[in-house]
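One-letter residues, chain by chain:
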Amino acid sequence: QRDFLFSGQKPFYDSYKLNADQAAQTLQDLRLLVAKSPRQLDRVDKLGVTLKERRDLLRESADALPSAGLVGAAEKLRLSDWLHLQKEWTAICREIRADEEQELQARDEQVKDGIFTAHMTVLCGTIFTAVFIGFSVYLFGQHITACVRKLLKAADNIEKGRFDTVVTIRSEDEFADLAEAYTTL
């Protein structure tokens, strides 16, 4: 738009109009991105108002060029409060950026908490599994030890001549077979 004001050439004006339309579309896209955050949506709307004021100001200056000439169009732009609009635009953009950074930090903390929870779950599961396996091995070892003791006691009784020894092992494994063989013996 400034190139058009200083040169008066139409291609610069056409380029300005195209970019102004793209800015409006970008603002709509930005609204979609922040639609879930009322504060950010409010800021984007303020940004839209400021953008519209700036576009209106530039359009008025460009429209004044044919009738008032370059000096009149530049004077119209100079007399406007475009610096205030630029400062407001910058402040709103900084607020949006600061909020986005805070939201990203909050998401980062949530991810870290989720990772910690996952690690603790895996750790607790591993400990539980190790304890369960250890307890199972202990019980199985106790079963084997008890059966071997009974069989050794029966062998000792047979060695001492006590042939009426009955070995009672209540299981369905080889130890029960051995106990039955001792009793039959």
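Please read these numbers as outputs of a predicted model, since none were measured by experiment. (Residues numbered from 1 in each chain as written. Predicted model: local features only at pLDDT ≥ 70, side-chain atom pairs only at ≥ 80, totals over all residues. Heavy atoms only, no water.)

With that out of the way, let us pick up the overall build of the protein chain. Across its full length, the protein chain holds 5 helices and 0 strands. When the elements of the protein chain are put in sequence order from the N terminus, they spell out α-α-α-α-α. A compact globule built from 185 residues would reach a C-alpha radius of gyration of about 16 Å, whereas the protein chain, at 44 Å, exceeds it by more than 25%. Seen through its C-alpha atoms, the protein chain measures out along the principal axes to roughly 135 × 30 × 20 Å. For the protein chain, the proportion of its 185 residues judged to be buried stands at 22%. (Helix = DSSP H or I, 4+ residues; strand = E, 2+ residues; numbered from the N terminus. Rg over C-alpha atoms; globule rule 2.2 N^0.38 Å. Buried < 20%, exposed > 50% of the residue type's maximum accessible area, 1.4 Å probe, protein only.)

The next point concerns the confidence of the model for the protein chain. Residues with a pLDDT of 70 or more make up 90% of the protein chain, whose mean pLDDT is 83. Per-element mean pLDDT across the protein chain ranges from 65 in helix α1 (residues 2–7) up to 89 in helix α4 (residues 82–159). (pLDDT = per-residue confidence, 0-100.)

So, about the side chain of asparagine 157. Checked against the element boundaries, asparagine 157 lands in helix α4. Here asparagine 157 falls in the buried class, since its relative accessible area comes to 13%. Ignoring sequence-local partners within four residues, the contact set of asparagine 157 consists of Arg162 and Thr165. (Contact = heavy atoms within 4.5 Å.)

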